[in-house]
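# Analysis of the macromolecular model
So you can see what is in the structure, the chains are spelled out below.
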Amino acid sequence: MFRRILVGTLLVGLTANAFAAKNRPDGYTTICKTDQTCTVSQSTNVAFGAADLFVYKVLSGSFVCNTATFGSDPNPAKSVKECSIPSNGGSSSGSSSTSSTSSTSSSSSSSGSGSCSATSQCDWYGGLWPICQNQNDGWGWENSASCIGSNTCSSQSGNGGIIDACSSSSSSSSGGSSSSSSSSSGGSSGKGASCSSTGSQGISSTIRVTSGTYDGNCKTFNPSGALGDGSQSEGQDPAFRVENGATLKNVIIGNNGVDGIHFYNGGTIDNIRWTNVGEDAFTVKSEGNVTARNLEGYDGEDKFIQVNAVTNLSVSNCIVDNMGKFLRQNGGKTFTMSVTVDNCDISNMKEGIFRSDSPNASARITNSRIRNAGDVCIGSWKSCTSSNLSSF
């Protein structure tokens, strides 16, 4: 009877935990809390927040976990917040190292390891035995007592939280990013994104990249319905927000594309794939220079790129298919915009490539291939030109 009560209590706890607001993003491990000092041994994207509201900053060395360090308070209603780092990368003084684990076929037990799929994360329930957190249709990580696959949960984290990694039972491996994470050199043709997915991560709030570089390590990021449904309705939130010249790289955005990526005060995106563009792939939201290279995007009903503010925008090495338009400047606006596009494959645009209503806007596309792409220039322009275009 006691065993039944214990198991029942654990299952209730697991169910409640699946839907509770979290003080760390999915796939992150807490290393310290408000006003505590924590240390990361290398440049790491650190999340700060509580109850599913976070800001992010790339940090290295020692820092204090507070608003002064991160520049803003993501959730003023919560006095205690947590600083956390990606579970598969970034060493810290607040987390234990994960050693390489020998091959094992044992099932989950209170003293050992438990199996989990390649797209799962390991956790320890009450410090008793490992469970896995499985992807749940883009709605975040959901605890599950039964896991499948050839990977094995190993090494309990020092704080009882998410274990740093799953080590494969078929080969020796340690925690850290997958070796299949690609560089930003684009696909084999020199165009498009080169990432093959290294796993999945659900996101229920926008990931803000406020400085430095956020490396997604070629994971597939699946936005939940809290951000939008990926339709053409206005007002959806972005999956990522890049600010102040920061860089986002090596990311795949899953089937719910929501409003893609927003830029505030300029920035760079590199090696990004949209599997199903939502409202837009990316939007320039405030004035700043934007660089976008090694991109790949599919199946957007309206625009691939939306420009809502003054910008010098450079796009290169892209593959874009099945959109309404490649780029649209905010309708009826006359602000200055300069766009250059080079070495891209653009196909199946319902209307055309560039559209603007501004006599102060310039656009140029060079060294690219087009197919069923409509008119190159639509609307009013100061200058809109092309050279060295071919069909494919």
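Placed above this text is the structure.
Reference entry: report on the structure contained in this document.

Let us now look at the overall build of the protein chain. For the protein chain, the helix and strand inventory stands at two helices and 25 strands. For the protein chain, the residues scored as buried account for 50% of the 392 residues in total. For the protein chain, restricting intrachain contacts to residue pairs at least 6 apart in sequence, the fraction spanning at least 24 positions comes to 53%. For the protein chain, the accessible area works out to roughly 16,000 Å², and carbon and sulfur atoms hold 46% of it.

So, about the sheet that holds strand E4 (residues 82-86). Taken together, the four strands give an open sheet; going across it, the order is E1-E4-E2-E3, and neighbouring strands pair in antiparallel fashion. Looking at which strands have only one partner, the edges of the open sheet turn out to be strand E1 (28-33) and strand E3 (53-64). Averaged over all neighbouring strand pairs, the angle between strand axes comes to 40°, with direction disregarded. As paired elements, E1 and E4 share five bridges and run antiparallel to each other.

For the structure on display, the rule yields 13 salt bridges. For Glu243, the salt bridge goes to Arg241, with nearest N and O atoms at 2.8 Å. Put simply, Arg273 and Glu296 hold a salt bridge, and the shortest N to O gap is 3.8 Å. With Arg273 in strand E17 (residues 267-274) and Glu296 in strand E19 (residues 290-298), the pair connects residues that are 23 residues apart, well separated along the chain. Judged by relative accessible area, which is 9%, Glu296 ranks as buried. Here the salt bridges do not stand alone but share partners, grouping Asp280, Asp302, Lys303, Lys325, Glu351 and Arg355 into one network.

Positive phi values are uncommon outside glycine, yet Ala51 reaches one of about 50°. Tracing the backbone shows Ala51 in the loop between strand E2 (37-50) and E3. One non-glycine residue, Asn388, lies in the positive phi region at around 55°. For Asn388, the location among the structural elements is in strand E25 (residues 383-391).

We now examine the nonpolar core. With 56 residues, the main nonpolar core has Ile261, Ile269, Trp274, Phe282, Phe304, Phe326 and Phe354 as its most contacted residues. Among the elements that take part in this core, strand E22 (residues 337-357) stands out by supplying eight residues, more than any other. Excluding residues within four positions of it along the chain, Ile269 makes contact with Val242, Leu248, Ile261, Phe263, Trp274, Phe282, Thr291, Ala292, Arg293 and Leu295. Residues Ile31, Cys38, Leu59 and Ile85 belong to the second largest nonpolar core, which totals 13 residues.

Looking now at the state of the cysteines. Two cysteines, two sulfur atoms, one covalent bond between them: this is a disulfide. Scanning all chains against the criterion turns up five disulfides. Residue pairing for Cys65: its cysteine sulfur links by disulfide to Cys83, the two sulfurs lying 2.2 Å apart. Here the disulfide of Cys65 and Cys83 is right-handed, its torsion about the S-S bond being about 105°. Here Cys65, found in the loop between E3 and helix H2 (67-70), pairs with Cys83, found in strand E4; they are 18 residues apart in sequence, far enough to count as distant. Residue Cys65 is classed as buried on the basis of its relative accessible area of 0%. One disulfide in the model links Cys377 with Cys384; its S-S distance is 2.0 Å. Across the disulfide from Cys377 to Cys384, rotation about the S-S bond amounts to roughly -85°, and the bridge is consequently left-handed.

About the criteria used
Residues numbered from 1 in each chain as written. Predicted model: local features only at pLDDT ≥ 70, side-chain atom pairs only at ≥ 80, totals over all residues. Heavy atoms only, no water. Helix = DSSP H or I, 4+ residues; strand = E, 2+ residues; numbered from the N terminus. Buried < 20%, exposed > 50% of the residue type's maximum accessible area, 1.4 Å probe, protein only. Contact = heavy atoms within 4.5 Å. Areas by Shrake-Rupley, 256 points an atom, 1.4 Å probe, with all protein chains shown as cover. Pairing = 2+ DSSP bridges. Axes fitted to C-alpha atoms, helices over the stretch in contact; angles between N-to-C directions. Salt bridge = Lys/Arg side-chain N within 4 Å of Asp/Glu carboxyl O. Core = buried A, V, L, I, M, F, W, Y, C linked by side-chain atoms within 4.5 Å. Disulfide = S-S within 2.5 Å.

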